[in-house]
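# Tertiary structure, described
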Amino acid sequence: MSKLSKDFLWGGAAAANQLEGGWNERGKGVSVADVMTAATYGLERRITQGIEGNVYYPSHQASDFYTRYKEDIQLFHEMGFKCFRSSIAWTRIFPNGDETEPNEEGLQFYDDLFDTCLAYGIQPVVTISHFEMPYHLVTEYGGWRNRKLIDFYLNFCEAVYTRYRTKVKYWMTFNEINMIVRKPWKPGGIQWNDGENKLQTMYQAAHYMLIASAKAVKLGKEINPDFVIGGMFLHPTSYAATCDPDDVLAQVKKLQQAYFFLDVHVRGKYPRSYYGFLKQHQLEIETAPEDELILREGTVDYIGFSYYSSSVVMANPTDQDKSEGNEISGYKNPLLPASEWGWQIDPVGLRITLNWLYDKYQIPLFIVENGLGAVDTLEEDGSVHDPYRIDYLRQHVSEMKKAILEDGVEVIGYTPWGCIDLVSAGTGEMKKRYGLIYVDKDNDGKGSLKRVKKDSFYWYKECIKSQGKII
């Protein structure tokens, strides 16, 4: 058998803050993404203290999905999507985050969006919080360093679960939840105070988010027992640099440090390695008496994860150049090629990752992000040729199929990242394109926003039509 089940969820992935635009339309509030500038002149993105005049914030218009979603979903349908993974902008529903009543106009937008998807036979796959928390929760409460955010988040969950209980089946609580202990601004709205113990704050915030996630799973099941609710995890696939046992141990420790999020999601408790890490770094995490029970009762139905690249781990790093990755960097693997942005291309790493996760947790997996960021050129004849992206996706789909058909891994779907061009989360650029659909907009925010089907659009259409047989 060379093709996948007819029930397999082929689709594409995006995020509200990187795609929608309409940043202040119909009552929407300011999010953490809305105060992030574009990267300029080789500088990283900057976080401003509120909205500043004469500053370019790429999320403010993004790809204008907010007004063009019907056109875009029709294109997704033409590709054959079975699902579309996106997020609900928290600030469309609760502009400040701490209101008691939701914004009806924001709720109506997602009603219209999901109705359009369903009319085309496309299942919405919804991330509840995807790097777009209300900025007000940062300025007034300090972001996820504050336990009060659990209740604000659950109020948001209750509003969207209730409103869309007959329209959305697949949910994820947080996007790349483990990013809170690496780069905590986007997932957690955390800015540093002078003299603050950063590690302590990040791991405290992680605990609050895990409690919130568990409560959200339990709440969702109470509202609709047929909901399928998962966690979402950035997988830091890595290899030991050598067969030196110290290098191998360093790689094991790296995965342990990340996997504690999944241990809590799936098993409802922290692993022994987590407590060892806290002891080693003299961290004391504040918990409530009921937390242990909350985690046990709020385990997920599946693991959603992002996979783009891999890296190498060594016990004693040298001057070897670092590689880049999806918010995670490591050391370069001399056996692998890299993208224009230095992310190492490792299709077999996806198969390895699927095997690791399934062997360890034995619940369904969902590849909700996988893709190649590259500079695409709109030709004079209106075409966009991206053979490098087709090659990347073909190799990764091939390895995913091997994991499913040969290794027996249970994978419920595949949604490559950036099914349509959107704002880069890392840099705020448009020239770093992931989409199968080109959006005419440049790094300065200029362009017609016209949609153009890339060559990869037609490749993916054939892939889906053949259930993965023709790649």
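Up top is the structure these notes are about.
The following refers to the structure shown.

### Comments concerning the overall build of the protein chain
- Within the protein chain one finds 14 helices and 14 strands.
- For 471 residues, the compact-globule estimate of 2.2 N^0.38 gives 23 Å, and the protein chain sits close to it at 21 Å.
- Looking at the protein chain as a whole, 61% of its 471 residues qualify as buried.
- Total accessible area computed for the protein chain in this model is approximately 18900 Å², and 48% of it derives from carbon and sulfur atoms.
- Taken as two groups, the 52 positive and 63 negative side-chain charges of the protein chain have centres that lie 3 Å from each other.

### Notes on the sheet that holds strand 2 (residues 83-87)
- One closed barrel holds the eight strands; their spatial order is 1-2-3-4-5-7-11-12, and the pairing between them is parallel. On average, each strand axis in the sheet is inclined to that of its neighbour by 30 degrees, with strand direction left out of account.
- Inspection of the sheet shows strand 7 (residues 302-306) paired to strand 11 (residues 365-369) by four bridges, in the parallel sense. When the sheet's bridge partners are listed, G304 is paired in strand 11 with F366.

### What about the pairing of strand 7?
- Strand 7 sits mainly inside the fold: five of its five residues count as buried.
- Residues Y302, G304 and S306 point to one face of strand 7 and I303 and F305 to the other, with burial holding for every one of them.
- Bridge analysis of strand 5 (residues 228-234) against strand 7 gives five bridges, and the strand direction is parallel. Bridging from a neighbouring strand, G230 pairs with Y302 of strand 7.

### Here's the deal with the packing of helix 12 (residues 347-361) against helix 13 (residues 387-405)
- The N-to-C vectors of helix 12 and helix 13 enclose an angle of 30 degrees; their axes lie 8 Å apart at closest approach. Relative to helix 13, the element helix 12 lies roughly parallel. Judged by the sense of rotation from one axis to the other, the crossing of helix 12 with helix 13 is right-handed. Here helix 12 contributes P347, V348, L350, R351, L354 and N355 to the contact with helix 13, which in turn contributes Q395, H396, E399, M400, K402 and A403.
- Taken together, the residues that form the contact of helix 12 with helix 13 break down as six nonpolar, three polar and three charged.

### As for the environment of A13
- Within the element layout of this structure, A13 appears in strand 1 (residues 9-13).
- Sequence separation of A13 and T415 is 402 residues, and the distance between their C-alpha atoms is 5.3 Å.
- When residues no more than four places from it in sequence are discounted, the contact partners of A13 are R85, V368, T415, P416, W417, G418 and C419.

### So, a nonpolar patch on the surface
- Residues V248, L249 and V252 make up a contiguous nonpolar surface patch of about 220 Å² in total accessible area.
- Assessed through its relative accessible area of 35%, V252 is described here as partly exposed.

### Here's the deal with the pairing of strand 12 (residues 411-414)
- In terms of strand pairing, strand 1 meets strand 12 through two bridges, oriented parallel. Residue pairing for strand 12: L9 is matched across the bridge by G413.
- As paired strands, strand 11 and strand 12 are joined by three bridges and run parallel to one another. Bridging across to strand 12, F366 finds its partner in G413.
- In terms of handedness, the path from strand 11 via helix 13 over to strand 12 forms a crossover that is right-handed.

### Describing the packing of aromatic side chains
- By the definition in use, this model includes 37 aromatic pairs.
- Stacked on the ring of F109, the Lys or Arg R92 has its end atom at 5.4 Å from the ring centre.

### Digging into the nonpolar core
- Core analysis: the largest hydrophobic core is formed by 133 residues, its most contacted members being F76, W144, Y153, W171 and M400.
- For this core, the leading source of residues is helix 8 (residues 198-223), giving 13 residues.
- In this view, W171 contacts I88, V126, I128, V160, Y161, Y164, F227, V228, I229, G230 and Y302; residues no more than four positions away in its chain are not counted.
- C83, V125, M232 and I412 belong to the second largest nonpolar core, which has 11 residues in total.

About the criteria used
- Residues numbered from 1 in each chain as written.
- Predicted model: local features only at pLDDT ≥ 70, side-chain atom pairs only at ≥ 80, totals over all residues.
- Heavy atoms only, no water.
- Helix = DSSP H or I, 4+ residues; strand = E, 2+ residues; numbered from the N terminus.
- Rg over C-alpha atoms; globule rule 2.2 N^0.38 Å.
- Buried < 20%, exposed > 50% of the residue type's maximum accessible area, 1.4 Å probe, protein only.
- Areas by Shrake-Rupley, 256 points an atom, 1.4 Å probe, with all protein chains shown as cover.
- Lys, Arg positive; Asp, Glu negative; His and termini not counted.
- Charge placed at Lys NZ, Arg CZ, Asp CG, Glu CD.
- Pairing = 2+ DSSP bridges.
- Axes fitted to C-alpha atoms, helices over the stretch in contact; angles between N-to-C directions.
- Parallel < 35°, antiparallel > 145°, perpendicular 65-115°, else oblique.
- Left-handed = near helix turned anticlockwise from the far one by under 90°.
- Contact = heavy atoms within 4.5 Å.
- Nonpolar A, V, L, I, M, F, W, Y, C, P; charged D, E, K, R; others polar.
- Patch = residues over 30% accessible without salt bridge, like charges linked within 9 Å, V, L, I, M, F, W, Y side chains within 5 Å.
- Salt bridge = Lys/Arg side-chain N within 4 Å of Asp/Glu carboxyl O.
- Right-handed = clockwise from strand over helix to strand, strands pointing away.
- Phe/Tyr/Trp six-rings, centres within 6.5 Å; stacked < 30°, edge-to-face > 60°.
- Lys NZ or Arg CZ within 6 Å of the ring centre and 35° of its normal.
- Core = buried A, V, L, I, M, F, W, Y, C linked by side-chain atoms within 4.5 Å.

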